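Chain by chain, the residues:
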Amino acid sequence: AGMEGSGDASPAGADWRLVLWTLCSVLLPVLITAWCSFQRSRRQLLIRDIFRKSKHDWHYTDLFGSPSYCSVCAQHILRGAFCSCCGLRVCEPCLKKADRRFLCKEIMMRGTAGAPSSMPHHWIRGNVPLCSCCMVCKQQCGTQPKLCDYRCLWCQYTVHDECMVDCLRTENCTFGEFKDLIIPPYYLSAINQMRKEKRTNYEKVVPYCSKHWMPVMVLANTRSGNNMGEIFLGEFKMLLNPVQVFDLSKIAPAKALQLCTWLPCNAVRVLVCGGDGTVGWVLDAIDEMKIKGQERYIPQVAVLPLGTGNDLSNTLGWGAGYAGEVPVEQILRNVMEADGVKLDRWKVQVTNKGYYNLRKPKVFTMNNYFSVGPDALMALNFHAHREKTPSLFSSRIINKAVYFFYGTKDCLVQECKDLNKKVELELDGERIELPNLEGIIVLNIGYWGGGCRLWEGMGDEPYPLARHDDGLLEVVGVHGSFHCAQIQVKLANPVRLGQAHTVRLILKSSKMPMQVDGEPWAQGPCTVTITHKTHALMLYHSGEQTDDDDASSLSE
């Protein structure tokens, strides 16, 4: 009996040992994972805390796009933190030390007596651009696989370690190629002091008195089109004073444009990075400046097209879309060389019928075009789809594919047919007899529908030239979505209804889709009146066109 009892105990003990080892093998990885996760979260909190308190504009990346070396320990690093203003790159363990040791670009000069008119270079060592040349010996910099050579944060000049001498450390910075676009820190310090003393004779401050100085402001919409705005924010901050670069997802254009009141009258240039909607938003803010009596500070506006349609930027020569193919330096050169032009802006008033006219009319400002019919229906469907799932619409290609889908659908369904029976059209007070149409489009600019010259069509018929600064609107009709597609590939002409200073459209019955500059809505019976509102000062760049030369010459 004793032997039997011992025989039963031995298997039971083995079972317990098996259970214990199983628990250890399961729990140990879980505990290690939990500990690592806790340490990672703690580390991320510390990093975020440093980012929040720092004067640097730190960002974290899992992989640097070029060979990089830590500015503190000089070790080669694949991932770590970088400052988008001064270009510092550091590994995670050295982040706190780098934050204390290195100064970032200063927006204003600190602790200066009097009104300085110059400042020394601000050198930072290592991670210089691969194609840069030494300002002393003219040989290539940054060729050695280590932390080496210097770069000035303002003029972007580079110097070899062995060429760096004491006189260069104290030499005044010239601000390099873009000196006419940069707002120097000493200038802002001087203006700030003058404002405190309630003095307004800014023209005595250098470089205000320089006739070639045309400071530029960059207003970027990080949510436009293919979401490239955030990349540009960093690149422009590296080349300019960070105070000149604004993220429109964090600050409204009206507030950003108040910087113009610190700068020379009629000299400021604004580069809007975004789609046509972003440009319209900025132009509305400029109109507010006119209302406030700040008309002498009104800037001229250039466009970096990051949206989906980009018809306004195409009309002004800035291209149909930007995907990083042109360096940021070249964009700034284009802004410097661009010519000033005027752009008509129009008031669109929509007055609903019925309700004893107690409803307040809807008022829009139009830069590009107004339409009723199939293209407005496509925009309305696209807008509704994007509101439901905004994360899907981060690519220009996807956006255009969705437009194509809804255009194809409308070819089959024809929701806007017999438009000519539902509306009346008046051009400068004269009633226009309408043929059988599905859509009417009122144009202010040369391009429409993502790069199509709608008024010109195939270019085989005589017609008055279309301009964006002549106070005239071009009015055309289309037979449907398929007709729009034919016009876009130059296989058909639009139905040209005429040109006018004032357009009046009466929707007599039913509900129809309408849009102003890509902002669509469904509209019941109403009267739409389009009248001239004001001019906007824009910048025209002659280096980018998407149509052939013959078609381009027609709009000049």
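Named according to an unreviewed UniProt entry, the protein is Diacylglycerol kinase originating from Agelaius phoeniceus. Listed under Sequence similarities (unreviewed entry) in UniProt, the entry text for the protein is "Belongs to the eukaryotic diacylglycerol kinase family."

Participant: How do you make sense of the overall build of the protein when you look at a structure like this?
Facilitator: Along its length, the protein carries 14 helices and 24 strands. Considering only contacts in the protein between residues 6 or more positions apart, those separated by 24 or more positions represent 69%.

Participant: Mind showing me how you'd approach the sheet that holds strand 4 (residues 80-83) here?
Facilitator: Sheet strands pair via backbone hydrogen bonds, and the direction of the pair is either parallel or antiparallel. In spatial order, the strands read 1-4-5; together these 3 strands make up an open sheet with antiparallel pairing. Strands at the two margins of the open sheet, each flanked by one partner only, are strand 1 (58-61) and strand 5 (89-90). As judged from the 4 bridges shared by strand 1 and strand 4, these two strands associate in the antiparallel manner. In the sheet register, H59 faces strand 4, and the bridge partner there is F82.

Participant: Sorry, what's going on with helix 7 (residues 276-291) here?
Facilitator: Residue pairs three or four apart in sequence face the same way in an α-helix, which turns once every 3.6 residues. Between its terminal C-alpha atoms helix 7 stretches 23 Å, which fits the 22 Å expected from 16 residues at 1.5 Å a residue. In the stretch just after helix 7, G293 is the one whose phi turns positive, near 80 degrees.

Participant: When you look at a positive patch on the surface in this model, what are you seeing that I'm missing?
Facilitator: Together, K96, K97, R100 and R101 line one region of the surface with positive charge. Examined against the element boundaries, K96 turns out to sit in helix 2 (residues 95-101).

Participant: Help me understand the side chain of Q523 in this model?
Facilitator: Along the chain, Q523 turns up in strand 23 (residues 519-523). Residue classification places Q523 among the buried residues on the basis of a relative accessible area of 2%. Polar contacts involving the side chain of Q523 include one to the side chain of N352, which spans 2.6 Å. Within the structure, the side chain of Q523 is placed 2.9 Å from the side chain of K362, a separation counted as a polar contact. Setting aside its immediate chain neighbours within four residues, Q523 contacts V350, N352, K362, L507, S510, K511, M512 and M514.

Participant: Looking at this structure, I do not really get the packing of helix 5 (residues 229-239) against helix 9 (residues 328-337). What am I missing?
Facilitator: Here helix 5 crosses helix 9 at 70 degrees, and the two axes come no closer than 10 Å. The angle between helix 5 and helix 9 falls in the class roughly perpendicular. For the pair helix 5 and helix 9, the sense of crossing is right-handed. The residues of helix 9 that touch helix 5, namely those facing F232, E235, F236 and L239, are V328, E329, I331 and L332. Of the residues contributing to the contact of helix 5 with helix 9, the split by class is 6 nonpolar, no polar and 2 charged.

Rules behind the numbers
- Residues numbered from 1 in each chain as written.
- Predicted model: local features only at pLDDT ≥ 70, side-chain atom pairs only at ≥ 80, totals over all residues.
- Heavy atoms only, no water.
- UniProt positions renumbered as here; feature names shortened; annotations may be inferred.
- Helix = DSSP H or I, 4+ residues; strand = E, 2+ residues; numbered from the N terminus.
- Contact = heavy atoms within 4.5 Å.
- Pairing = 2+ DSSP bridges.
- Expected span 1.5 Å × (residues − 1).
- Patch = residues over 30% accessible without salt bridge, like charges linked within 9 Å, V, L, I, M, F, W, Y side chains within 5 Å.
- Areas by Shrake-Rupley, 256 points an atom, 1.4 Å probe, with all protein chains shown as cover.
- Salt bridge = Lys/Arg side-chain N within 4 Å of Asp/Glu carboxyl O.
- Lys, Arg positive; Asp, Glu negative; His and termini not counted.
- Charge placed at Lys NZ, Arg CZ, Asp CG, Glu CD.
- Buried < 20%, exposed > 50% of the residue type's maximum accessible area, 1.4 Å probe, protein only.
- Polar contact = N/O pair within 3.5 Å; in protein donor to acceptor, adjacent residues only side chain to side chain.
- Axes fitted to C-alpha atoms, helices over the stretch in contact; angles between N-to-C directions.
- Parallel < 35°, antiparallel > 145°, perpendicular 65-115°, else oblique.
- Left-handed = near helix turned anticlockwise from the far one by under 90°.
- Nonpolar A, V, L, I, M, F, W, Y, C, P; charged D, E, K, R; others polar.

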